[in-house]
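Fold and geometry: a report
The chain contents come next:
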Amino acid sequence: CLAPLGLLVYQGLTNTLGPDPVATITHTTGFWTLYFLLITLAITPFRRLNSHLAWLIRFRRMSGLYAFFYGTLHLFTYVWLYSGFNVPTMLHDIAKRRFIMVGMLGWTCLFLLAVTSTAWSIRKLGGKRWTMLHRLIYVAAIAGVIHYWWLVKPGVLTPWKVTAVLAALLLARVAWNVRQAARKRKIAVTA
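The text that follows walks through the structure, step by step, so that each part is easy to find. (Residues numbered from 1 in each chain as written. Predicted model: local features only at pLDDT ≥ 70, side-chain atom pairs only at ≥ 80, totals over all residues. Heavy atoms only, no water.)

**Some points on the overall build of the chain**
When you go through the chain residue by residue, the secondary structure sums to nine helices and zero strands. Order of helices (α) and strands (β) in the chain, N terminus to C terminus: α-α-α-α-α-α-α-α-α. By principal-axis analysis of the C-alpha atoms, the chain measures approximately 65 × 35 × 30 Å. A buried classification covers 32% of the 191 residues belonging to the chain. Of all intrachain contacts in the chain linking residues separated by at least 6 positions in sequence, the fraction that spans at least 24 positions is 63%. Here the chain has roughly 12200 Å² of accessible surface; of this, 71% comes from carbon and sulfur atoms. (Helix = DSSP H or I, 4+ residues; strand = E, 2+ residues; numbered from the N terminus. Buried < 20%, exposed > 50% of the residue type's maximum accessible area, 1.4 Å probe, protein only. Contact = heavy atoms within 4.5 Å. Areas by Shrake-Rupley, 256 points an atom, 1.4 Å probe, with all protein chains shown as cover.)

Right under this line is the structure:
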C-alpha cells in the first residue's frame with residue numbers, strides 16, 4: 001500500500017518526477033486515492049461472490065484508511081505546493097473551481113470515515129449510526145470521480161475507467177439489495 005508513495009519518494013530523490021514534479025505528485029496521489037476507494041468498495045461484492053473470499057473483509061478498513069492517507073497527501077500537495085498555505089488564495093480557488101469544491105467534499109467524507117474507523121467509535125456511535133455514517137464512502141467515491149472528470153480538459157476521456165468500475169460496484173450493491181429483498185418477500189409469503 002505504501003509502494004506508490006515509495007516510488008514518488010524515489011523519483012523525487014533521483015529527480016525523475018518529470019517536467020512538472022508538482023503535477024506528478026498531485027496526479028499520483030489523486031489516482032491512488034481513487035484506486036484505494038475502489039478497492040475498499042470492491043471487497044464486499046467479492047466476498048459475497050465466493051465464501052472462500054470472506055477473509056478479504058479484514059483488509060477493508062485498512063484500504064479505506066489508505067484512501068484517506070493518499071487523499072490527504074493529494075490535498076496537502078494543493079495546500080502546500082500550489083497555494084503555499086495562502087488561505088485567501090485557497091478560498092478563492094475553492095469558490096472559483098468546482099473540481100476543488102467537490103474534491104474537498106470527498107476528502108471531508110474520507111476524514112469523517114477515518115476518524116470513526118475505530119472500535120471505540122463503533123461502540124460510541126452504535127452500530128446503526130456508525131453504519132449510516134460509513135455509507136459516506138459512496139459519497140467520497142462519487143465525489144472523487146466527479147473531481148477527476150471536472151479536472152480534465154473537455155474531450156479527455158481518461159476518467160471513464162474509474163467511472164465504469166465505480167458504476168459496476170454500485171450496481172452490484174443495488175443488485176444484492178434487490179435480491180435480498182426478493183428473498184425476504186419469498187420467505188414471508190411461504191411462512
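**Quick notes on the nonpolar core**
Within soluble globular proteins, side chains that are nonpolar tend to cluster in buried spots. In this structure, Leu-37, Leu-41, Leu-110, Val-162 and Leu-166 are the most contacted members of the largest nonpolar core, which totals 24 residues. Secondary-structure elements contributing two or more residues to this core are α2 (21-49), α3 (60-82), α5 (98-115), α8 (136-151) and α9 (160-190). Among residues more than four places away in sequence, those in contact with Val-162 are Leu-34, Tyr-35, Leu-38, Val-145 and Tyr-148. Counting residues in each nonpolar core, the second largest holds five residues, with Tyr-78, Val-79, Met-90 and Ile-100 among its members. (Core = buried A, V, L, I, M, F, W, Y, C linked by side-chain atoms within 4.5 Å.)

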